[in-house]
Amino acid sequence: MARASTGFLNKDGIRIHPAEDFAGMHASGQLAAQCLDMIGEYVKPGVTTGELDARIQAFIEDAGATSATIGYRGYEHASCISINHVVCHGIPGAKVLKDGDILNIDVTCILDGWFGDTSRMYVAGKLSRRDERLIEVTHESLMLGIAAVKPGNTFGDIGAAIQQYAESHRMSVVRDFCGHGLGQVFHAAPNVLHYGRPGTLAELEPGMFFTIEPMINLGRASTKVLADGWTAVTKDKKNTAQFEHSIGVTEEGCEIFTLSPAGKFYPSWGA
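The following refers to the structure shown.

What counts as what
Residues numbered from 1 in each chain as written. Predicted model: local features only at pLDDT ≥ 70, side-chain atom pairs only at ≥ 80, totals over all residues. Heavy atoms only, no water. Pairing = 2+ DSSP bridges. Helix = DSSP H or I, 4+ residues; strand = E, 2+ residues; numbered from the N terminus. Contact = heavy atoms within 4.5 Å. Axes fitted to C-alpha atoms, helices over the stretch in contact; angles between N-to-C directions. Phe/Tyr/Trp six-rings, centres within 6.5 Å; stacked < 30°, edge-to-face > 60°. Lys NZ or Arg CZ within 6 Å of the ring centre and 35° of its normal. Expected span 1.5 Å × (residues − 1). Buried < 20%, exposed > 50% of the residue type's maximum accessible area, 1.4 Å probe, protein only. Parallel < 35°, antiparallel > 145°, perpendicular 65-115°, else oblique. Left-handed = near helix turned anticlockwise from the far one by under 90°. Nonpolar A, V, L, I, M, F, W, Y, C, P; charged D, E, K, R; others polar. Polar contact = N/O pair within 3.5 Å; in protein donor to acceptor, adjacent residues only side chain to side chain. Salt bridge = Lys/Arg side-chain N within 4 Å of Asp/Glu carboxyl O. Patch = residues over 30% accessible without salt bridge, like charges linked within 9 Å, V, L, I, M, F, W, Y side chains within 5 Å. Areas by Shrake-Rupley, 256 points an atom, 1.4 Å probe, with all protein chains shown as cover. Lys, Arg positive; Asp, Glu negative; His and termini not counted. Charge placed at Lys NZ, Arg CZ, Asp CG, Glu CD.

A sheet is described by the order of its strands in space; here three strands give the open sequence 8-12-15, paired in antiparallel fashion. Since the sheet does not close on itself, it has two edges, and those belong to strand 8 (172–173) and strand 15 (240–242), each with one partner. Strand direction decides the pairing type here: strand 8 and strand 12 (residues 215–217), joined by two bridges, are antiparallel. Within strand 12, the residue paired with valine 173 across the bridge is isoleucine 216. The sheet strands contacting helix 3 (residues 129–147) are strand 12 and strand 15, and the helix crosses strand 15 at an angle near 35°.

Counting across every chain of the model gives eight aromatic pairs. Members of the aromatic cluster, each reached through a chain of ring pairs, are Phe22, Phe209 and Phe257. For arginine 55, the ring lying beneath its charged end belongs to tyrosine 42, and the centroid distance is 3.8 Å. Between the NZ or CZ atom of arginine 175 and the centre of the ring of tyrosine 195, over which it lies, the distance is 4.2 Å.

Look at helix 3: 27 Å from first C-alpha to last across 19 residues, which is about the 27 Å you get at 1.5 Å a residue. Taken residue by residue, helix 3 has Asp131, Leu134, Ile135, Val137, Thr138, His139, Ser141, Leu142, Gly145 and Ile146 as its buried positions.

Turning our attention to the sheet that holds strand 13 (residues 223–225). Read from one edge to the other, the open sheet built from three strands follows the order 5-14-13, with strand pairing classed as antiparallel. One side of each edge strand has no neighbouring strand; the edge strands of this open sheet are strand 5 (86–88) and strand 13. Strand-to-strand twist in this sheet, taken as the mean axis angle between neighbours without regard to direction, amounts to 40°.

At a minimum axis distance of 10 Å, the contact between helix 1 (residues 21–39) and helix 2 (residues 49–62) shows a crossing angle of 140°. Relative to helix 2, the element helix 1 lies oblique. Pair helix 1 / helix 2 crosses with right-handed handedness. Contacts between helix 1 and helix 2 involve Leu31, Gln34, Cys35, Met38 and Ile39 from the first element and Leu52, Arg55, Ile56, Phe59 and Ile60 from the second.

Turning our eyes to something else, we now look at the packing of helix 3 against helix 4 (residues 155–168). Relative orientation of the contacting elements helix 3 and helix 4 amounts to 155°, with a least axis distance of 8 Å. Taken together, helix 3 and helix 4 sit at an angle that is classed as roughly antiparallel. When the axes of helix 3 and helix 4 are compared, the crossing they make is right-handed. Together, Val137, Glu140, Ser141, Leu144 and Gly145 of helix 3 and Ile158, Ala161, Ile162, Tyr165 and Ala166 of helix 4 make up the contact between the two elements. Among the residues forming the contact of helix 3 with helix 4, the class breakdown is seven nonpolar, two polar and one charged.

This part is about the side chain of threonine 250. With respect to the helices and strands, the residue threonine 250 is situated in the loop between strand 16 (245–249) and strand 17 (254–256). Looking at threonine 250, its side chain comes within polar contact range of the main-chain nitrogen of cysteine 254, at 3.3 Å. Not counting residues within four places of it along the chain, the set of residues in contact with threonine 250 comprises Phe22, Pro151, Pro206 and Glu255.

Here we take up the pattern of salt bridges. Throughout the structure, instances matching the rule amount to six salt bridges. Between aspartate 101 and lysine 98 there is a salt bridge, with its nearest N and O atoms 3.6 Å apart. The salt bridge partner of glutamate 136 is arginine 129, with a shortest N-O separation of 3.4 Å. Beyond isolated ion pairs, a larger network of salt bridges with shared partners links Arg129, Glu132 and Glu136.

Before going further, it helps to examine the pairing of strand 4 (residues 80–83). On strand 4, burial covers both faces: Cys80 and Ser82 on one face and Ile81 and Ile83 on the other are all buried. Examined bridge by bridge, strand 4 and strand 6 (residues 102–111) share four bridges and lie antiparallel to one another. Following the sheet pairing, isoleucine 83 is matched in strand 6 by leucine 103.

The next subject is a positive patch on the surface. Taken together, the side chains of Arg220, Lys224, Lys235, Lys237 and Lys238 present a region of like positive charge at the surface. A relative accessible area of 62% places lysine 237 in the exposed class.

In structure tokens:
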């Protein structure tokens, strides 16, 4: 039986959750973070993305949870694994990691009806300075976006913080994909844009749950989706990076549900 929705929808159609819902989101977020902590040691040249996905699925199921992505709109895997110039929604399979590949691994687990959604960057083998800088800027963009989350600020403040930092480093922000509300559903209002103007869009309120997940490109922001209907790539084939946290707005600021319990969120290749 489906769990009844808690809280209420505000004037912008965004669900406001009561304080007791934070515990469920924290538990699911921590499980997702532990999964990404686990997978890091297996990211190395010669490993296939399918092997990584199998380990992720087993970890989630062994914890008594389920993968939100298996069966979602026909998707068949427990993760998205996006390599080099793949922006997001890379499909795990027979692809073999090569030395120097950078990759984003994105997982969402459902634990007791709550969705924990997070992603982070990894490197197979030796990391180039160019890609290290890309990953550093992307991570800092996410954290600056999160720093803008507090009651009274707006979703435009989040996007502006991300955009201003990334563009100050002569990188571009992907506009074709965004963060999203979540909780007892995978995707809900609001759309969380990673660009924008301060003081615009809906006002942040305690009890909102959503992801922030900027995708930052070394080249232009333009993307395209391949014929498989999932894999999004940069049109200019330059590398891209992404980090994602699930958060809840509190009276004072926000709680990051998906912090790495082992401190491995960044820099993941040095953990």
